[in-house]
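# Descriptive structure summary
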There are 2 protein chains.
Amino acid sequence: MLSNDHIDAFKNITGPKGIITGADEIAPHVKEWRGKFFGKTDLMLAPATTDQVSQIVSYCNDHKIALVPQGGNTGVVGGGIPGLEGRNEVLITTKRMNKNIVVDADDYSIIVDAGCTIQSVQDAAAEQDRLFPLSLASEGSCTAGGVVSTNAGGVHVLRYGTTRALTVGIEAVLPNGQIYSDLSSLRKDNTGYALNQLLIGAEGTLGIITKVAFRLYPMEKQRYTYWLGIDSPATALKLLSSAREITGDRVSVFEILPELGLSLVLNNIPDTAAPLTAPYPWYVLMEVATTTRDNSLQLTLDTWLEAMMQNGLLLDGAEAQSEAQRKAFWKLRESMSEAQKYGGGSIKHDISVPVSHVPVFIEQTFTALEKHFPKCRPMPFGHLGDGNLHFNVLQPEGTNKEDFLSEWSSMNALVHDIVTEHKGSISAEHGIGTLKREELARLKDPAALAAMRTLKAALDPNNIMNPGVLFK
Amino acid sequence: MLSNDHIDAFKNITGPKGIITGADEIAPHVKEWRGKFFGKTDLMLAPATTDQVSQIVSYCNDHKIALVPQGGNTGVVGGGIPGLEGRNEVLITTKRMNKNIVVDADDYSIIVDAGCTIQSVQDAAAEQDRLFPLSLASEGSCTAGGVVSTNAGGVHVLRYGTTRALTVGIEAVLPNGQIYSDLSSLRKDNTGYALNQLLIGAEGTLGIITKVAFRLYPMEKQRYTYWLGIDSPATALKLLSSAREITGDRVSVFEILPELGLSLVLNNIPDTAAPLTAPYPWYVLMEVATTTRDNSLQLTLDTWLEAMMQNGLLLDGAEAQSEAQRKAFWKLRESMSEAQKYGGGSIKHDISVPVSHVPVFIEQTFTALEKHFPKCRPMPFGHLGDGNLHFNVLQPEGTNKEDFLSEWSSMNALVHDIVTEHKGSISAEHGIGTLKREELARLKDPAALAAMRTLKAALDPNNIMNPGVLFK
């Protein structure tokens, strides 16, 4: 329990608006939206400025009070929820820090407060004919500080990279309360260690991000969206290489989905329809985008599709003929998570392997899963272009859900072991949080783990920043 | 002086081939190629494997022997030269570690030993129809480990990013001798702190890079190269934005040069000719490249050039009609450094500012320089698309060279102060080394500097890795 002295000290820093103690107001901030993590805290701080954040962190460091930073609370690994596992932690939210959004169109950059939503960043850029390419399901609520702290991915990584590639400058408060400022939009800067990079993806364990400079791109003016039926992930890879080449490397989306996933969507999600007349083992949602109206690209793509049909790589395909049809294709992709609930219990993995390893990785994993849990139904889907699959496994039909879900850890271990053989990642997009600490400790390169602990101890000797996350 | 015991210990690790003590053989490794830094050492180690590097570093850490890692010795800031300022340091070169180059075309990646030259990486990729886009003057001799340790830039950063953006995996030996291994080609991996990123650009102060995984791109099949005459850097910026948009963001090179630079080249470098019939205040060397033969792009560019002539942004322009002509254009750009020697003494800066600030930055700096040293002749040139200028200043005509060069530090301070007002970088490409330690200490964000020292002390408590570099 926090003493009144502490609460008064915080009130002196933030004013009354920055102190939230009401259980009702706190409630939505201490549970994970999918219902996997439920935490608690007596105090939520909502500072309005970087200076207030600095004073809060400094005070907490002096008094060894643990802080959990939170953006839009859209994470899924328990990385931003206070009070898990009985810890006493103060929640600090950036939600009041969302006033400043400054676009520099000539510089192709934007500088924003940490609490700004990604949607608001996209919109501000678009108003000046610029593209902020980060795009993910939670963009309406996730924040600039949050996506940087977790190095968020999304559907445009193939072309534009993860949040790491889009982040050119950071202002943050370090665990000692100092304000670290590298808030510029420089494309080139070789003046010492890349501290920005260390803060990106650190999940709030090395400081609190208060402002971000992102890079922008020329606005995409024309998009070509395809739904393709194919026989295998190996074929998908061949199509991807070929499409990159013939389009002048303008493929911006390349997602793969299995027939099991599509049929669950079609059978359970309203207002969905199959784009092709027959089912195929796998589907690809491909988008090619360009910054200018370019009719020759349409011709190039038409010719290419015909050639791919003739050489047998492509079994069938449809091009979206309108924005409505494009949205209908995307709805199939975006309904995958929702639809799989209708298939019963599912055990989830968020993994990546080198892109070229995806086909053999899928084969090996399918075989191992069948041995481990006969008739379970793997339905990997996602960002093939990045080697990143949401490798979810559905329970066998007609079996008990609880029995199946009790295999969560053992199945995770099985899948992650194969991932590790391929030098893959056990958390491609979502981070470690509290959810994957044990798997990280089990599988991460030991020298890397030791160095991580050394860095954490050096920069946060009192372990006040998000102490339950990454390490146990 | 190293004792014989130490030398025997090293010999046990590397075998006789890995021990070089002959002054003649060492000589080219202890001087900087431009002649600015002259060091010394009694011992150069040339390990052949990562394991040997690990044993060497471990031994040095135990015995507090300082090590200076060296790749191709192409740096210009005294970051890879042992024995500067009287330090006792052993040189460790990666030159024997250059055997393994493995391309994975489907994965668009390549894994190489640290001692491989960048030219050899480019060539291996090209053999499998892939592009390794890092391109810089020293590519024939600089190495994979060297470009990663210094986050090298070059002429393709605008489109493909710096070495940081191209590096997807690293194996390195940390200062405690442990082998850190994250040698995969993953596009997405959120499993803890980005240690790779910390090693990139650390100039050998946090470990020795032994292997690298780089990302590759589809091979460029067609290039359009232009030499454009314009009135000002502000116009250049407008042309750049417009060109990015109309080409589908396929501008791969956008370099700016002043008339002073071109005339020095034309007057002093053999086999050069002006591409345009009249002189203009500034020139742009622009290249648009694409992965496929695309005649419509030619048409688009022709139309665009005509429009830019008509609206007055473009004063005149020439397109390279052959590979020979393309090379002739590039020779003008690449002769800038050489040509300026004919203009007398020059004081150099390697700076960057946000791209949109370049025009006003140039104006302000010209004005301040004229006040500081009347009739000095600034000739900034370089990578406008990245906001990175080699801002060199020539002595006034008919004055004494030594007098002028004695202003080196005061002029650096003047230029760097204006850079800092624009939140720019005092070392965009070349790093800090020993050359810019004082300026770094003077101008870097204090919280960043303090964090850098904390990290260095935590990871290298005995200060054995390149101790004279970055910090004083």
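Residues numbered from 1 in each chain as written. Chains lettered and ligands numbered in written order. Predicted model: local features only at pLDDT ≥ 70, side-chain atom pairs only at ≥ 80, totals over all residues. Heavy atoms only, no water.

### Concerning the interface of chain B and chain A
Note the threshold: When checking whether two residues touch, look at their non-hydrogen atoms; a contact exists if any pair is within 4.5 Å. Note on definitions: buried area is the accessible-area loss of two parts on being combined, 1.4 Å probe, summed for both. When a carboxyl oxygen of Asp or Glu is within 4 Å of a side-chain nitrogen of Lys or Arg, the pair counts as a salt bridge.
Counting residues at the interface gives 91 residues for chain B and 91 residues for chain A. Surface buried jointly by chain B and chain A totals about 6,800 Å² across both partners, of which 55% is contributed by carbon and sulfur atoms. Area buried by chain B at its contact with chain A is led by B:Lys188, B:Asn190 and B:Tyr193, which between them contribute 16% of it. One can count 6 salt bridges joining chain B with chain A.

### Details of the relation of the copies chain B and chain A
For clarity, the cut-off: The least-squares superposition of copies is restricted to C-alpha atoms, and to residues with a pLDDT of at least 70 in both copies.
At an RMSD of 0.0 Å, chain B and chain A line up after a rotation of 180° and a shift of 0.0 Å along the axis. The transformation just described matches what one would write down for a two-fold rotation axis.

### Things to note about the nonpolar core
Quick note on the threshold: By nonpolar core is meant a set of buried Ala, Val, Leu, Ile, Met, Phe, Trp, Tyr and Cys residues that side-chain atoms within 4.5 Å join together. Think of it in three bands: residues with accessible area under 20% of the maximum for their type are buried, residues over 50% are exposed, and the middle band is partly exposed, with areas taken using a 1.4 Å probe on protein chains only.
Counting residues in each nonpolar core, the largest one holds 98 residues, and the members touching the most others are A:Tyr193, A:Phe214, B:Tyr193 and B:Phe214. Among all residues touching B:Tyr193, those that are not within four sequence positions of it are A:Leu198, A:Ala202, A:Thr205, A:Leu206, A:Met452, A:Leu455, A:Lys456, A:Leu470 and A:Phe471.

### Some remarks on the packing of aromatic side chains
Residue and element names in this part refer to chain A. We apply this condition: In this scheme Phe, Tyr and Trp rings, the latter by its six-membered ring, pair at centre separations within 6.5 Å, and the angle between planes marks the pair as stacked below 30 degrees, edge-to-face above 60, and tilted otherwise. Charges are assigned to positions over rings by a cutoff of 6 Å between ring centre and Lys NZ or Arg CZ, combined with an angular limit of 35 degrees from the ring normal.
The final tally for this structure, using the stated rule, is 18 aromatic pairs over all chains. Feature note: the residues Trp 227, Tyr 283 and Phe 329 constitute an aromatic cluster, connected by ring pairs. Just above the ring of Trp 33 sits the side chain of Arg 34; from NZ or CZ to the centre is 5.9 Å.

### Focus on the packing of helix H1 (residues 4-14) of chain A against helix H3 (residues 50-63) of chain A
All names here are of chain A. Condition: Between N-to-C directions, angles span 0 to 180 degrees; the directions come from axes that are lines fitted to C-alpha atoms, helices contributing only their stretch in contact. Helix and strand assignments come from DSSP, with helices taken as H or I runs of at least 4 residues and strands as E runs of at least 2, each series counted from the N terminus. Each angle gets one of four labels, with under 35 degrees taken as roughly parallel, over 145 as roughly antiparallel, 65 to 115 as roughly perpendicular, and the rest as oblique. Left-handed describes a crossing whose near helix is turned anticlockwise from the far helix by less than a right angle; the clockwise case is right-handed. Lys, Arg, Asp and Glu make up the charged group, whereas Ala, Val, Leu, Ile, Met, Phe, Trp, Tyr, Cys and Pro make up the nonpolar group; the residues left over, Gly among them, are polar.
Interhelical geometry of H1 versus H3 gives an angle of 160° and a closest axis separation of 9 Å. In this view, H1 runs roughly antiparallel relative to H3, as classed from their interaxial angle. As for the relative orientation of H1 and H3, their crossing is right-handed in sense. Across the interface between the two elements, Asp 5, His 6, Ala 9, Phe 10, Ile 13 and Thr 14 of H1 pack against Gln 52, Gln 55, Ile 56, Tyr 59, Cys 60 and His 63 of H3. Of the residues assigned to the contact of H1 with H3, the class counts are 6 nonpolar, 5 polar and 1 charged.

### Comments concerning the sheet that holds strand E10 (residues 208-215) of chain B
All names here are of chain B. Put simply, the rule reads: One requirement defines pairing of two strands: DSSP has to find at least two bridges between them.
Taken in spatial order, the 5 strands of this open sheet run E5-E6-E10-E8-E9, and their pairing is antiparallel. Two strands bound the open sheet, and with one partner strand each, they are strand E5 (101-104) and strand E9 (179-182). Between one strand axis and the next, the sheet turns through 15° on average, direction left out of account. With 5 bridges joining them, strand E6 (residues 109-113) and E10 adopt antiparallel strand pairing. Residue pairing in the sheet places Ser 109 in a bridge with Arg 215 of E10.

### Digging into the side chain of A:Ser427
Convention followed: In protein, a polar contact means a hydrogen-donor-capable atom and an acceptor-capable atom, both N or O and within 3.5 Å, with residues adjacent in sequence counting only if both atoms are side-chain atoms; elsewhere, any N or O pair within 3.5 Å suffices.
With respect to the secondary-structure elements, A:Ser427 resides in the loop between helix H16 (408-421) and helix H17 (437-443). A polar contact is formed between the side chain of A:Ser427 and the backbone oxygen of A:Gly431, at a distance of 2.6 Å. Excluding residues within four positions of it along the chain, A:Ser427 makes contact with A:Asp350, A:Ile432, A:Lys436, B:Asp189, B:Asn190 and B:Thr191.

### Details of the pattern of salt bridges
Should their charged atoms come close, side chains of opposite charge can pair. The final tally for this structure, using the stated rule, is 41 salt bridges over all chains. We note a salt bridge from B:Asp113 to B:Lys211, for which the minimum N-O separation is 3.0 Å. In this pair, B:Asp113 is assigned in strand E6 and B:Lys211 in strand E10, connecting sequence segments 98 residues apart. Classification of B:Lys211 as partly exposed rests on a relative accessible area of 21%. What you see here is one network of salt bridges that share partners, running through A:Glu220, A:Arg223, A:Glu287, A:Glu323 and A:Arg326.

### Some remarks on the side chain of B:Asp107
In plain terms, the rule: Charged residues are defined narrowly, with Lys and Arg counted positive, Asp and Glu counted negative, and His plus the chain ends left uncounted.
Considering the arrangement of structural elements, one finds B:Asp107 in the loop between E5 and E6. It turns out B:Asp107 is buried and unbridged, and the closest side chain with the opposite charge, B:Arg187, is 4.0 Å from it. When sequence neighbours within four positions are dropped, the list of residues in contact with B:Asp107 reads A:Pro354, A:Val355, A:Ser356, B:Ser185 and B:Arg187.

### A short note on the pairing of strand E4 (residues 89-93) of chain B
Across a regular strand the side chains alternate sides, sitting on one face of the sheet and then on the other. All names here are of chain B. Counting buried positions over the 5 residues of E4 gives 5, a clear majority of the element. Burial along E4 is two-sided: the residues Glu 89, Leu 91 and Thr 93 and Val 90 and Ile 92 are all buried. Pairing of strand E2 (residues 44-45) with E4 involves 2 bridges; the strand directions are parallel. Each residue of the ladder has a partner; that of Met 44, found in E4, is Leu 91.

### Quick notes on the sheet that holds strand E6 (residues 109-113) of chain A
Residues and elements named next belong to chain A. Pairing within the open sheet is antiparallel, and its 5 strands lie in the order E5-E6-E10-E8-E9. Edge positions in the open sheet fall to strand E5 (101-104) and strand E9 (179-182), since each of these has one partner strand only. Taken over all neighbouring pairs, the strand axes of this sheet differ in orientation by 15° on average, direction set aside. Judged from the 4 bridges that link them, strand E8 (residues 167-173) and E9 form a sheet pairing that is antiparallel. Paired with Glu 171 across the two strands is Ser 181, which belongs to E9.

### Focus on the packing of helix H14 (residues 358-372) of chain A against H16(A)
Residue and element names in this part refer to chain A. For the pair H14 and H16, interaxial distance at closest approach is 10 Å and the crossing angle is 150°. By the criterion of interaxial angle, the relationship of H14 to H16 is roughly antiparallel. As for how H14 packs across H16, the hand of that crossing is right-handed. Taken together, the residues of H16 that come into contact with H14 (itself represented by Phe 361, Gln 364, Thr 365, Ala 368, Leu 369 and His 372) are Ser 410, Met 411, Leu 414, Val 415, Ile 418 and Val 419. For the contact of H14 with H16, the class distribution of residues is 8 nonpolar, 4 polar and no charged.

### Quick notes on unusual backbone geometry
All names here are of chain B. Despite not being glycine, Asp 271 shows a phi value in the positive range, around 55°. Structurally, Asp 271 can be placed in the loop between helix H10 (259-268) and strand E14 (282-290). Located in the positive-phi region is Lys 375, a residue other than glycine, with phi close to 70°. Its place among the elements puts Lys 375 in the loop between helix H14 (358-372) and strand E18 (377-383). Under the relative-accessibility criterion, Lys 375 is labelled exposed at 63%.

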